[in-house]
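# Fold and contact review
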Amino acid sequence: MIKTSTLALIPAWNEAARLGPVVEATKQYLPVLVVDDGSEDNTASVAERAGAMVVSHARNQGKGVALMTGFDWALAHGYDAVLTLDADGQHDPADISKFLRAYQSGGWDLIIGKRDFDKMPFPRGYTNPFGSWLLSIALRQRIPDNQSGFRLHDRRLLEALDLTTSGFELEVEVIIQAICRDMRIGWVEIRTIYDVDKTSYFHPLKDSARFLGMVWHAWRQRCAAEAS
């Protein structure tokens, strides 16, 4: 039987226009918590009307902080696992069943959705695989998709994390800490959905610099772990 104590966590910032259908589709599989990260629109009320539980930040603090808020909430409320997906419709809730089946098979501390880079628009179709290649070298383990936010986290992993970042790079930090703690990472194929008209919150220079900093950190951590 699929675990029933898995929570779907959706961090959201100014996503009132897209969030409702995502919540409605997701709650067909799991209970849903939306962390409203200081939105200036009616993201929180849209989430509640769609059937989600909502925790709101008074001001915008970044996706990483929103995820940590959701992780803490899930642990405090006794959930065994947390599945994360984005609020903007770029993750298909129909793929949730793939994560749950993989989790049911047992043994995975982190399951990550793997996208098809060939279906991504420029420049992401080039930068994402390059970033995954760099991180794979640093960690000495193949990481097919380091930026995918569609993931399932086991409670054991969440309790062990000691996260220090607050933005998009937190998802990379989760991978680094999972590997350095000898936890098992599984992968499932997911749909690759991109809205070319959607405003991106990714800042190429700033976020790329942060990512490279995380790769350097990963390399140092891995070397330290192997030397001990």
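A quick note: this is a predicted structure, and the numbers were derived from the prediction, not measured. Residue positions are given per chain, counted from 1 along the sequence in the order it is written. With the structure being a predicted model, the display of local features is reserved for residues of pLDDT at least 70 and the display and counting of side-chain atom pairs for 80 or more, all residues being used for whole-chain, interface and lining totals. Only hydrogens and water are removed before side-chain values are computed, so all heavy atoms of the structure are retained for them.

### Overview of empty space enclosed by the protein
Points on a 1 Å grid, built from protein atoms alone, make a cavity when a 1.4 Å probe fits but cannot get out and make a pocket when they are open with protein on both sides within 12 Å along at least 5 of 7 lines; residues with an atom within 4 Å of a point are the lining residues. Grid points are joined across faces, edges and corners, and a volume is the space filled by probe spheres set on the points. Counted according to the given criterion, the structure contains one cavity of 30 Å³ or more. One number sums up the size of the largest cavity: a volume of about 30 Å³. Lining the largest cavity are Leu67, Phe71, Thr84, Arg151, His153, Leu170, Glu171 and Val174. For the lining of the largest cavity, the secondary structure elements donating two or more residues are α3 (63-76), β6 (151-154) and α7 (170-180). Broken down by element, the lining of the largest cavity gets its largest block of residues, three residues, from α7. Secondary structure elements follow DSSP: runs of H or I of four or more residues count as helices, runs of E of two or more count as strands, with numbering from the N terminus.

### Regarding the nonpolar core
Definition used in this section: a nonpolar core is a set of buried Ala, Val, Leu, Ile, Met, Phe, Trp, Tyr and Cys residues joined via side-chain atoms within 4.5 Å. Residue burial is assigned from relative accessible area. The probe radius is 1.4 Å, only protein chains are included, and a residue is buried under 20% of its type maximum, exposed over 50%, and partly exposed in between. Core analysis: the largest hydrophobic core is formed by 30 residues, its most contacted members being Leu110 and Ile175. Counting residues per element, the ones that place at least two in this core are β1 (6-12), β2 (32-37), α3, β5 (110-114), α5 (124-139), α6 (155-160) and α7. Sorting elements by how many residues they give to this core places α7 first, with seven residues. Those residues in contact with Leu110 that lie beyond four places of it in its chain are Arg151, Leu152, His153, Leu157, Val174, Ile175, Ala178, Arg184, Ile185 and Gly186. If you look at the next biggest cluster of nonpolar residues, it comprises 28 residues, including Ala47, Ala81, Leu83 and Ile111. Contact definition: two residues touch when any of their heavy atoms are within 4.5 Å.

### Some words on the sheet that holds β2
Between any two strands, pairing holds if DSSP finds at least two bridges. Taken in spatial order, the seven strands of this open sheet run β3-β2-β1-β4-β6-β5-β7, and their pairing is mixed. A strand with exactly one partner marks an edge of an open sheet, and here the two such strands are β3 (53-57) and β7 (185-189). On average, each strand axis in the sheet is tilted by 20° relative to the strand beside it, whichever way the strands run. Summarising the sheet, β1 and strand β4 (residues 81-84) pair through four bridges and their orientation is parallel. Pairing of Leu9 across the sheet is with Thr84, part of β4. Against the sheet, helix α2 (residues 43-50) touches β1, β2 and β3, its axis set at about 170° to β3. Fitted lines through C-alpha atoms serve as axes, helices being fitted only where they are in contact, and the angles separating the N-to-C directions of these axes extend from 0 to 180 degrees. The strands that α7 touches are β5, β6 and β7; relative to β6, the one it contacts most, it runs at about 45°.

### A short note on the environment of Pro129
Here Pro129 is to be found in helix α5. For Pro129, a relative accessible area of 25% puts it in the partly exposed group.

### A word on the packing of helix α1 (residues 16-26) against α2
Running from amino to carboxyl end, α1 crosses α2 at an angle of 20°, the nearest separation of the two axes being 9 Å. By the criterion of interaxial angle, the relationship of α1 to α2 is roughly parallel. The interaxial crossing formed by α1 with α2 has right-handed handedness. Here α1 contributes Ala16, Leu19, Gly20, Val23 and Glu24 to the contact with α2, which in turn contributes Thr43, Val46, Ala47 and Ala50. All amino acids are sorted into three groups, where Ala, Val, Leu, Ile, Met, Phe, Trp, Tyr, Cys and Pro are nonpolar, Asp, Glu, Lys and Arg are charged, and the leftover types, Gly among them, are polar. Residue classes in the contact of α1 with α2 are distributed as six nonpolar, two polar and one charged. For this classification, under 35 degrees means roughly parallel, over 145 means roughly antiparallel, 65 to 115 means roughly perpendicular, and everything else is oblique. In this scheme, a crossing is called left-handed if the near helix is turned counterclockwise away from the far one by less than a right angle; it is called right-handed if the turn is clockwise.

### Observations concerning the pattern of salt bridges
Here the idea is simple: oppositely charged side chains can pair when their charged atoms come close. Every case where a carboxyl oxygen of Asp or Glu lies within 4 Å of a side-chain nitrogen of Lys or Arg is listed as a salt bridge. Counting across every chain of the model gives nine salt bridges. A salt bridge links Glu171 to Lys63; its shortest N-O distance comes to 2.9 Å. Note that Glu171 is positioned in helix α7 and Lys63 in helix α3, a separation of 108 residues in sequence. The pair formed by Glu171 and Lys63 is uniform in burial state, with each residue classed as buried.

### Considering the packing of aromatic side chains
Pairing of aromatic rings covers Phe, Tyr and Trp, the last through its six-membered ring, and needs centres within 6.5 Å; plane angles under 30 degrees mean stacked, over 60 mean edge-to-face, and all others mean tilted. One pass over the full model with this rule turns up two aromatic pairs. Note on Trp73 and Tyr79: the rings are 6.2 Å apart at their centroids and 25° apart in plane angle, and the pair reads as stacked. Overall, the relative accessible area of 16% leaves Tyr79 in the buried class. Aromatic side chains Phe99 and Phe150 sit 4.6 Å apart centroid to centroid with 35° between the ring planes, which places their arrangement in the tilted category. Taken together, the positions of Phe99 in helix α4 (residues 96-105) and Phe150 in the loop between α5 and β6 put the pair 51 residues apart, joining distant regions of the chain. Residue placement shows Arg184 over the ring face of Trp108; its charged tip is 4.1 Å from the ring centre. Two thresholds decide whether a charge sits over a ring: the Lys NZ or Arg CZ must be within 6 Å of the ring centre and within 35 degrees of the ring normal.

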